[in-house]
Amino acid sequence: MSRLSEALGVDRSSVSRWFAGLPVPGPVAAAVEAWLVIYRLTGRRPGEFDELGPAPDPFNDPSGDA
């Protein structure tokens with residue numbers, strides 16, 4: 001639960017209350033759903049994308065191939 005609370009930027013006690021049955025706020029539910037979709041598509045968990053570095057910007061391609 002502490003990793004989830006850290007990733008969401010909320011107190012651990014909030015996550016505990018949600019697991020105990022209190023309603024999960026809409027933005028939190030949307031973030032978790034997005035993480036689940038990303039995991040299903042890529043096999044990567046939140047935080048693992050930090051290792052990849054920034055994605056290339058296709059609109060600022062210095063080679064002129066964009």
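Conventions used here
Sequence order as written defines residue numbering, which begins from 1 separately in each chain. In keeping with the model being predicted, local features are shown solely for residues with a pLDDT of at least 70 and side-chain atom pairs are shown and tallied solely at 80 or more, while totals for entire chains, interfaces and linings include all residues. Hydrogens and water molecules were not included; the side-chain quantities draw on all heavy atoms of the structure. Every helix listed is a DSSP run of H or I at least four residues long, and every strand listed is a run of E at least two residues long, numbered separately from the N terminus. One less than the residue count of a helix, multiplied by 1.5 Å, gives the span that helix is expected to have. Whether two residues touch is decided by their heavy atoms; if any such pair falls within 4.5 Å, the residues are in contact. Points on a 1 Å grid, built from protein atoms alone, make a cavity when a 1.4 Å probe fits but cannot get out and make a pocket when they are open with protein on both sides within 12 Å along at least 5 of 7 lines; residues with an atom within 4 Å of a point are the lining residues. Grid points are joined across faces, edges and corners, and a volume is the space filled by probe spheres set on the points. Amino acid classes used here: Ala, Val, Leu, Ile, Met, Phe, Trp, Tyr, Cys and Pro are nonpolar; Asp, Glu, Lys and Arg are charged; the rest, including Gly, are polar.

Let us now look at helix 3 (residues 26–42). Compared with the 24 Å implied by 1.5 Å per residue over 17 residues, the 24 Å span of helix 3 between its first and last C-alpha is a close match. Following helix 3 by one or two positions, Gly43 adopts a phi angle in the positive range, close to 80 degrees.

With respect to the helices and strands, the residue Phe19 is situated in helix 2 (residues 12–20). Placed 18 residues apart in sequence, Phe19 and Met1 show a C-alpha to C-alpha distance of 9.2 Å. With near-sequence residues (within four places) excluded, Phe19 lies in contact with Met1 and Leu4.

Taken as a whole, the largest pocket spans an internal volume of roughly 350 Å³. Lining the largest pocket, in full, are Arg3, Leu4, Glu6, Ala7, Val32, Trp35, Leu36, Tyr39, Arg45, Pro46 and Gly47. Contributions of two or more residues to the lining of the largest pocket are made by helix 1 (2–8) and helix 3. When its residues are assigned to classes, the lining of the largest pocket shows 7 nonpolar, 1 polar and 3 charged.

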